[in-house]
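So you can see what is in the structure, the chains are spelled out below.
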Amino acid sequence: MRDRGEWAVKKSQQARWNARYHEAPGRFGAEPAALLVELVAGLEVGSAVEFGCGEGRNCRYLEDDGWAVLGIDFSTVAIKHARVCTQVSSFVCADVSKLSSDVVASGSFDLACAVFLHTCKRERERWFVEMVKAVRPGGYVIYVGHAPGAQPEPVRPAATALAHDKLQQLKVRYTGHDSAAEPGHNALTDFGILWRRI
């Protein structure tokens, strides 16, 4: 059970993100993350789930590419915007570090991804395991994030910190952060990883 202190912190974070999306709709742009586009290219289309989908720009790309998409985010404002911007994708307002099986059943997706979902280490360990569990054997997991930088940047995971015994790493890609294409992010380098679920 979540203690009151953790609950209060999560509610504060949710309020902060709601305010951000309310004050600046489309704050992270309308185009999908370039590394996601690169890593998903060539994969057989199926069902996909995005953890921390924000306003749904990556869900919209996957949907247009033929995927059946579920987007999950804890910001009620972001989910409201996402539902306006896509035609087919489904969206759920939920905390990805506390998902229940009625939101994401084990082995029910061909692809799970998280794009620029930066949380504390403890929460990341929870949702990363849930992402892996959500994918059927033979499916794929993609993570795109900002590479760790100099303090006082937020704590970000290194590519080597993301691993699971049910994942086979297929690709790792680093690129300079394009602030014109990815506004709203303070980073120098981005990275993406593609795994196959075994």
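The coordinates are above.
This text gives an overview of the structure that appears in the document.

Conventions used here
Residues numbered from 1 in each chain as written. Predicted model: local features only at pLDDT ≥ 70, side-chain atom pairs only at ≥ 80, totals over all residues. Heavy atoms only, no water. Phe/Tyr/Trp six-rings, centres within 6.5 Å; stacked < 30°, edge-to-face > 60°. Helix = DSSP H or I, 4+ residues; strand = E, 2+ residues; numbered from the N terminus. Buried < 20%, exposed > 50% of the residue type's maximum accessible area, 1.4 Å probe, protein only. Lys NZ or Arg CZ within 6 Å of the ring centre and 35° of its normal. Contact = heavy atoms within 4.5 Å.

Topic: the packing of aromatic side chains
Note on aromatic pairs: each is described by the distance of the centres and the angle between the planes.
Then step 1. Per the stated rule, a full pass over the model turns up six aromatic pairs.
Then step 2. Here the aromatic rings of Tyr174 and Phe191 are separated by 5.8 Å at their centres, their planes lie at 35 degrees, and the arrangement is tilted. Within this pair, whereas Tyr174 is found in strand β6 (residues 167-176), its partner Phe191 is found in strand β7 (residues 189-197), the two being separated by 17 residues in sequence.
Then step 3. Looking at Tyr174, the relative accessible area reads 47%, which means it is partly exposed.
Then step 4. A relative accessible area of 0% places Phe191 in the buried class.
Then step 5. Ring-pair connections join several aromatic residues into one group, and the members of that group are Trp127, Phe128, Tyr143, Tyr174, Phe191 and Trp195.
Then step 6. Against the face of Trp17 rests Arg20, its NZ or CZ located 4.4 Å from the ring centre.

Brief notes about the side chain of Asn18
Then step 1. Tracing the sequence through the fold places Asn18 in helix α1 (residues 4-23).
Then step 2. Setting aside residues up to four positions removed in sequence, Asn18 forms contacts with Ser75, Thr76 and Val77.

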